[in-house]
Amino acid sequence: MKIVVIDTSALIRFYVPDGDLPEELEKTIDSAWHADTVIVVPELL
């Protein structure tokens, strides 16, 4: 299992349309949906 830290600016990309999402971000989110990756975010998020 992989653990990934996503910062606030990367997560905001889901809510503020500003072009395409980075490919790695899409792969990471997809992997988390399939329980292959754990996403960790800062407490201040």
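Preceding this section is the structure that the text describes.
As a starting point, this report considers the structure included with it. Quantities reported herein were computed from a predicted structural model and do not represent experimental measurements. Counting of residues starts from 1 at the beginning of each chain's written sequence and follows it residue by residue. Residue-level local features of this predicted model are given only where pLDDT is at least 70; pairs of side-chain atoms are given and counted only at 80 or more, and the full residue set underlies all totals for whole chains, interfaces and linings. Each side-chain value is worked out from all heavy atoms of the structure, with water and hydrogens disregarded.

1. Some points on the overall build of the protein
- In this description a helix means any DSSP run of H or I spanning at least four residues, a strand means any run of E spanning at least two, and both kinds are numbered starting from the N terminus. The helix and strand inventory of the protein stands at 2 helices and 2 strands.
- Its helices and strands in sequence order give the protein the pattern β-α-α-β, from N to C terminus.
- Seen along its three principal axes, the alpha-carbon backbone of the protein occupies a region of about 30 × 25 × 10 Å.
- Per-residue burial over the protein gives 18% buried out of 45 residues.
- Residues count as neighbours in contact if any of their non-hydrogen atoms are within 4.5 Å of one another. Here the contacts in the protein between residues at least 6 apart in sequence split such that 58% fall between residues at least 24 apart.
- Methods summary: accessible areas were calculated by the Shrake-Rupley approach with a probe of 1.4 Å, and residue burial reflects only the protein chains presented. Here the protein has roughly 3,800 Å² of accessible surface; of this, 59% comes from carbon and sulfur atoms. For every residue, the accessible area (1.4 Å probe, protein chains only) is compared with the maximum for its type, and the residue is labelled buried under 20%, exposed over 50%, or partly exposed between those bounds.

2. With respect to the nonpolar core
- As used in this record, nonpolar core signifies buried Ala, Val, Leu, Ile, Met, Phe, Trp, Tyr and Cys residues forming a set joined through side-chain atoms within 4.5 Å. The biggest cluster of nonpolar side chains holds 5 residues, and these are V4, I6, A10, L25 and I29.
- Excluding residues within four positions of it along the chain, I29 makes contact with I6, F14 and I39.

3. Focus: helix 2 (residues 23-33)
- For helix 2, the full list of buried residues reads L25, T28, I29 and S31. All buried residues of helix 2 fall inside an arc of 160° around its axis, so they share one side. Exposed residues pointing more than 90 degrees away from the buried face of helix 2 are listed as E23 and W33.
- Buried residues along helix 2 sit against strand 1 (2-5), helix 1 (8-12) and strand 2 (37-40).
- After helix 2 finishes, the residue A35 shows a positive phi value of roughly 60°. This arc describes the spread of directions from the helix axis toward the C-beta atoms.

This is a description of form; function is not addressed.
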